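Inside the fold
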Amino acid sequence: MRTIPFIKVESLNLYSTLSYEEDTLISFFEQVCSLHQHTLSGVLSVAFLGKDDLSKIHGEFLNDYRPTDVITFPPDEENEMVGEICVSVDRARDEAIQRNIPLSEELSLYLIHGWLHLLGFDDHEKNDSDIMRREETKAMKAIGEIDLWPDFLLAPNGEEH
């Protein structure tokens with residue numbers, strides 16, 4: 001496993017029909033992590049889940065069982081964790097179809113959103129949300145300019161059961 005300076009990316013794919021190359025995910029995060037100065041170091045955990053599993057986590061940790069697209073858990077310096085980003089592949093698939101964009105772009109947006117939360121960006125208030133959207137757009141543009149989208153693929157009929 002390659003490491004980003006001070007950050008080691010570990011992914012957990014719990015979505016049976018999703019595939020990707022670990023190296024493309026790491027290259028993506030190398031670029032995304034370089035866009036903002038930060039002092040985070042350690043392991044960045046990324047988990048790909050179905051909507052039901054993410055809703056369950058959302059409920060257990062945030063007391064909100066509604067479906068969501070991404071949940072970010074904060075750094076745990078004691079365990080050398082930069083944080084954890086959990087994304088809903090189902091939600092990304094549905095949004096990508098609705099917006100007529102590639103799955104890789106929608107999932108990448110969720111990963112960028114999670115990373116920005118780890119950096120301290122917030123989206124609860126209108127002004128903060130506007131700033132978050134601006135930073136997401138900048139990151140998506142930077143990834144797009146060098147075509148560094150992770151190679152996320154769903155098997156045909158890629159529905160989780």
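Residues numbered from 1 in each chain as written. Predicted model: local features only at pLDDT ≥ 70, side-chain atom pairs only at ≥ 80, totals over all residues. Heavy atoms only, no water.

To continue, consider the pattern of salt bridges. In this structure the tally under the stated criterion is 11 salt bridges. A salt bridge links Arg66 to Asp64, with the shortest nitrogen-to-oxygen separation between them at 2.7 Å. What makes Asp64 buried here is its relative accessible area of 18%. Glu145 serves as the salt-bridge partner of Lys141, at 3.9 Å between the closest nitrogen and oxygen. Of this pair, Lys141 and Glu145 both sit in helix H5 (residues 126-145), separated by 4 residues, roughly a single helical turn. This pair shows no difference in class: Lys141 is exposed, exactly as Glu145 is. Among the charged side chains, a salt-bridge network with shared partners connects Asp90, Arg93 and Asp94. (Salt bridge = Lys/Arg side-chain N within 4 Å of Asp/Glu carboxyl O. Buried < 20%, exposed > 50% of the residue type's maximum accessible area, 1.4 Å probe, protein only. Helix = DSSP H or I, 4+ residues; strand = E, 2+ residues; numbered from the N terminus.)

Bringing the packing of helix H1 (residues 22-33) against helix H4 (residues 103-118) into the picture now. The contact between H1 and H4 brings their axes to 11 Å, and the two run at 45°. When the axis of H1 is compared with that of H4, the two are oblique. As H1 packs across H4, the resulting crossing turns out to be right-handed. From H1, Leu25, Phe28, Phe29, Val32 and Cys33 reach across to H4, where they touch Ser108, Leu111, Ile112 and Trp115. (Axes fitted to C-alpha atoms, helices over the stretch in contact; angles between N-to-C directions. Parallel < 35°, antiparallel > 145°, perpendicular 65-115°, else oblique. Left-handed = near helix turned anticlockwise from the far one by under 90°. Contact = heavy atoms within 4.5 Å.)

Our focus in this paragraph is the packing of aromatic side chains. Within the structure shown, the criterion is met by 5 aromatic pairs. With a centroid separation of 5.0 Å and 55° between ring planes, the pair formed by Tyr20 and Phe48 is classed as tilted. Here Phe48 lies in strand S4 (residues 42-49) and Tyr20 lies in the loop between strand S3 (18-19) and H1, a separation of 28 residues in the sequence. Residue class for Phe48 comes out buried when judged on its relative accessible area of 0%. Seen from their ring centres, Phe28 and Phe29 are 5.2 Å apart, and the 80° between their planes marks the pair as edge-to-face. For Phe28, a relative accessible area of 0% puts it in the buried group. Ring pairs connect the aromatic residues Tyr20, Phe48 and Phe152, which therefore count as one cluster. (Phe/Tyr/Trp six-rings, centres within 6.5 Å; stacked < 30°, edge-to-face > 60°.)

Within the element layout of this structure, Ser104 appears in helix H4. A polar contact is formed between the side chain of Ser104 and the backbone oxygen of Pro150, at a distance of 2.8 Å. In this view, Ser104 contacts Trp149, Pro150, Asp151 and Phe152; residues no more than four positions away in its chain are not counted. (Polar contact = N/O pair within 3.5 Å; in protein donor to acceptor, adjacent residues only side chain to side chain.)

This part is about the nonpolar core. Residues Phe29, Leu44, Phe48, Leu111 and Trp115 are the most contacted members of the largest nonpolar core, which totals 36 residues. Going through the elements one at a time, strand S2 (7-13), H1, S4, strand S6 (81-88), helix H3 (89-99), H4 and H5 are the ones with two or more residues in this core. Ranked by residue count, the leading element in this core is H4, at 9 residues. Counting 7 residues, the second-largest nonpolar core is a separate cluster that includes Ala47, Leu49, Ile71 and Cys86. (Core = buried A, V, L, I, M, F, W, Y, C linked by side-chain atoms within 4.5 Å.)

This part takes up the layout of surface pockets. The computed volume of the largest pocket comes to approximately 390 Å³. Taken together, the elements giving at least two residues each to the lining of the largest pocket come down to helix H2 (51-62), strand S5 (70-73) and H4. For the lining of the largest pocket, the element with the most residues is S5, which contributes 3 residues. Of the residues in the lining of the largest pocket, the class split is 5 nonpolar, 6 polar and 4 charged. (1 Å grid on protein atoms, 1.4 Å probe; cavity = no way out; pocket = protein on both sides within 12 Å on 5 of 7 lines; lining within 4 Å. Points joined across faces, edges and corners; volume = space filled by probe spheres on them. Nonpolar A, V, L, I, M, F, W, Y, C, P; charged D, E, K, R; others polar.)

With respect to the helices, strands and loops of the structure, Asn63 is situated in the loop between H2 and S5. Judged by its relative accessible area of 68%, Asn63 falls in the exposed class. Separated by 16 residues in sequence, Asn63 and Asn79 place their C-alpha atoms 25 Å apart.

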